[in-house]
Amino acid sequence: MSDASPAAGSRADATRERLLAAAIEAFAAKGFHGTTTRDIAGAAGMSPAALYVHHRSKEELLFLISQRGHERTLELVRTARAADPDPIEQLRAVAAAFAEHHARAHTTARIINYELAALDDEHSAEIAELRHQIDGELRDLVRAGVADGSFDCPDPRLAAAALLSLGIDLARWYHEDLVWTPEAIAAAYAEFAVRIVGATSN
């Protein structure tokens, strides 16, 4: 029998979330290597020693941020693919969801995509598997569209890579002061996507 009460568990979960949010803030401001555990703890309003009660290291925080972001992206892609049987509409939905997500979560997405080299080997392998699954969803979608004649695309794998790059690169340049809203970008990227694969009808 555990001595921990539900309230204690809830408090611990809230503390872990606060540390993750603080890590995102610190990594965004200073980069992973420029950030210390003291920076993260201070942003969370905690002592450096308290951080280690909940997380082994700042690398573990980076891994958890990256794991959550990639799992969310994979879920978005799969949900968008399931929304319509038509490959063209599937692609529009995937491209829109992917772009809007990377615009809205651009700070986190930038950390996830540009700090991956800081992960240890075990964590890097876990994230690589998630990225492989996301890549696979896009490749399967493009290949299915080519197979049924919806897309005129000589290299589905390269097209899938280009589609992923469109969304990922949003994290590099997007900020809230731009004239384009996340919704507007999503709508435009949906149309860019069908042009990339040479959609044969609308």
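Residues numbered from 1 in each chain as written. Predicted model: local features only at pLDDT ≥ 70, side-chain atom pairs only at ≥ 80, totals over all residues. Heavy atoms only, no water.

Before going further, it helps to examine the domain arrangement of the chain. Domain assignment breaks the chain into domain 1 (1–55) and domain 2 (57–196). Centre-to-centre separation of domain 1 and domain 2, based on C-alpha positions: 28 Å. Contact residues are listed per partner, giving 17 residues for domain 1 and 14 residues for domain 2. For the domain 1 and domain 2 pair, buried surface summed over both sides reaches about 1400 Å², with 73% attributable to carbon and sulfur atoms. Contact with domain 2 buries surface across domain 1, with Ile24, Phe32 and His55 losing the most and accounting together for 44% of the total. A salt bridge links Arg68 to Glu17, with the nearest nitrogen and oxygen atoms 2.7 Å apart. Our count for the contact surface shared by domain 1 and domain 2 stands at six residue pairs in polar contact (both at pLDDT 80 or more). Ranked by residues supplied to the side of domain 1 that touches domain 2, first place goes to helix α1 (residues 6–30) with seven residues. Here the side of domain 1 that touches domain 2 is built from residues that sort into ten nonpolar, six polar and one charged. (Domains from an automatic or database assignment. Contact = heavy atoms within 4.5 Å. Buried area = accessible area lost by both parts, 1.4 Å probe. Salt bridge = Lys/Arg side-chain N within 4 Å of Asp/Glu carboxyl O. Polar contact = N/O pair within 3.5 Å; in protein donor to acceptor, adjacent residues only side chain to side chain. Helix = DSSP H or I, 4+ residues; strand = E, 2+ residues; numbered from the N terminus. Nonpolar A, V, L, I, M, F, W, Y, C, P; charged D, E, K, R; others polar.)

In this section: the nonpolar core. The biggest cluster of nonpolar side chains holds 43 residues, and the ones touching the most others in it are Phe27, Ile40, Leu91 and Val142. Of all the elements in the fold, those that place two or more residues in this core are α1, α2 (37–43), α4 (58–82), α5 (87–104), α6 (106–114), α7 (121–147), α8 (156–173) and α9 (182–196). When residues of this core are assigned to their parent elements, the largest contribution, seven residues, is made by α4. Among the domains, domain 1 (1–55) and domain 2 (57–196) are the pair contributing at least three residues each to this core. Setting aside residues up to four positions removed in sequence, Leu91 forms contacts with Leu141, Phe151, Leu163, Ala193, Val194 and Val197. By size, the runner-up hydrophobic cluster in this structure holds six residues, among which are Ala99, Ala103, Ile185 and Tyr189. (Core = buried A, V, L, I, M, F, W, Y, C linked by side-chain atoms within 4.5 Å. Buried < 20%, exposed > 50% of the residue type's maximum accessible area, 1.4 Å probe, protein only.)

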